[in-house]
Amino acid sequence: MTPVAPLPGGPAILEVRHAVRAWIRSRPGPIAVALSGGADSLALTAAAVAEASSVRALVVDHGLQPGSKDVADAAAATAVSLGCADATVLPVRVDRVGGMEAAARRARYAALDEARDGANVLVAHTLDDQAETVLLGLSRGSGPRSIAGMADWDEPWGRPLLGVRRSVTRAACEELGLTPFEDPHNVSSDFTRVRLRLEVLPLLEDVLGGGVAPALARTAAQLREDATVLDDLASELLASARAGDELDVTVVADRPAALRRRAVRVWLHEVGAHSLSDRQLRTIDDLIVRWRGQGGVAVGGGPAGARLVVQRRHGRLGAELEWSLL
């Protein structure tokens, strides 16, 4: 690899480097960076090159805008100029199922996972992204899990910049003389997250006197810490309540709701349920603690033409497929 000149020592890039350094020290291993060409991922890439022995850049081309290939190629070239060992452009097809944002996210992460070759992949989510994620979770109203935000490590995805403001990554690019790509989707009011960024958070900052984004990020961190403890306790409860593929109601019935519902949620995922709503989970919980002989609860899961139904029989919860008659 061609030697690269040391990065300028401005305060913004130093803050980004310190965040990346701390993350890498706690999780050694090969590093790849998901690079979009925007300010956040450019600053992350520059810092990673300065802090890690070798870094690969992975650039996803979603193909959603004219000239997207040129943008991706330019980002890859910048990565190499910053000192990345190599930079790979990953063209993807976005199917739009479930909305463009969700479909693009699925396609992006699938491409990154396939191309990472065993490396940890750093993504450039900032403190501001974390605040937006918490607000989106609040709107879903599905409890602490939905407002715990993003973790700095969710194997194989690393997020070293969750404590860094978006303004800092922009300033870091200025210090480095880098010109970020400005994605027009990031200012389009068609997307809920963009409206949160441009309308809701500034209004909250004004009304509440500032500090809203850091406060939301702190709240998410505290909830994740609490959730880790509860999840560990719920795993122990689930292990003691297993009865083959079923769940022994008598073991979980008298346990605190926070543990009981966590254990039931994990069990439901294991038997094939997905996209569980809070209402479904509470109705299933009623099969345990408010048993009146009621019928089963249908949940998402199962092949086409069938539905997964959770039922209580003889003191146990089980999940069965019910096939529709065509």
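Quick caveat, the model's predicted, so the values are computed rather than measured.

## A short note on the UniProt feature "binding site: ATP" (unreviewed entry) in the protein chain
Here the UniProt feature "binding site: ATP" (unreviewed entry) sits at Ser36, Gly37, Gly38, Ala39, Asp40 and Ser41. Tracing the chain through its elements places Ser36 in the loop between strand 1 (31–34) and helix 2 (39–51). Relative accessible area serves as the criterion here: at 45%, Ser36 is assigned to the partly exposed category. If near-sequence neighbours (up to four positions away) are discounted, Ser36 is found in contact with Ser41, Val71 and Ala75.

## Some points on helix 4 (residues 100–115)
End to end, helix 4 covers 22 Å across 16 residues, agreeing with the expected 22 Å (1.5 Å per residue, within 8%). All of the buried residues along helix 4 are Ala103, Ala104, Ala107, Tyr109, Ala111, Leu112 and Ala115. Contact partners of the buried residues in helix 4: strand 1, strand 2 (55–61), strand 3 (86–91) and strand 6 (157–158).

## Looking at the environment of Val121
With respect to the secondary-structure elements, Val121 resides in strand 4 (residues 120–122). When its relative accessible area of 0% is taken as the criterion, Val121 is described as buried. Residues Val121 and His269, 148 residues apart in the sequence, show an inter-C-alpha distance of 26 Å. Once you skip the residues sitting within four places of it in the chain, Val121 turns out to touch Ala32, Ala34, Arg116, Pro156, Trp157 and Gly158.

## Comments concerning the sheet that holds strand 1
To summarise the sheet geometry, strands pair through backbone hydrogen bonds and adopt either a parallel or an antiparallel arrangement. Taken in spatial order, the six strands of this open sheet run 3-2-1-4-6-5, and their pairing is mixed. Pairing within the sheet leaves two strands with one partner each, and these edge strands are strand 3 and strand 5 (153–154). Sheet topology note: the strand 1/strand 4 ladder contains three bridges and is parallel. When the sheet's bridge partners are listed, Val33 is paired in strand 4 with Leu122. Taken strand by strand, helix 2 contacts strand 1, strand 2 and strand 4, and its axis lies near 165 degrees from that of strand 1. Packing of helix 4 onto the sheet brings it into contact with strand 1, strand 2, strand 3 and strand 6, and relative to strand 2 it is tilted by some 145 degrees.

Conventions used here
- Residues numbered from 1 in each chain as written.
- Predicted model: local features only at pLDDT ≥ 70, side-chain atom pairs only at ≥ 80, totals over all residues.
- Heavy atoms only, no water.
- UniProt positions renumbered as here; feature names shortened; annotations may be inferred.
- Helix = DSSP H or I, 4+ residues; strand = E, 2+ residues; numbered from the N terminus.
- Buried < 20%, exposed > 50% of the residue type's maximum accessible area, 1.4 Å probe, protein only.
- Contact = heavy atoms within 4.5 Å.
- Expected span 1.5 Å × (residues − 1).
- Pairing = 2+ DSSP bridges.
- Axes fitted to C-alpha atoms, helices over the stretch in contact; angles between N-to-C directions.

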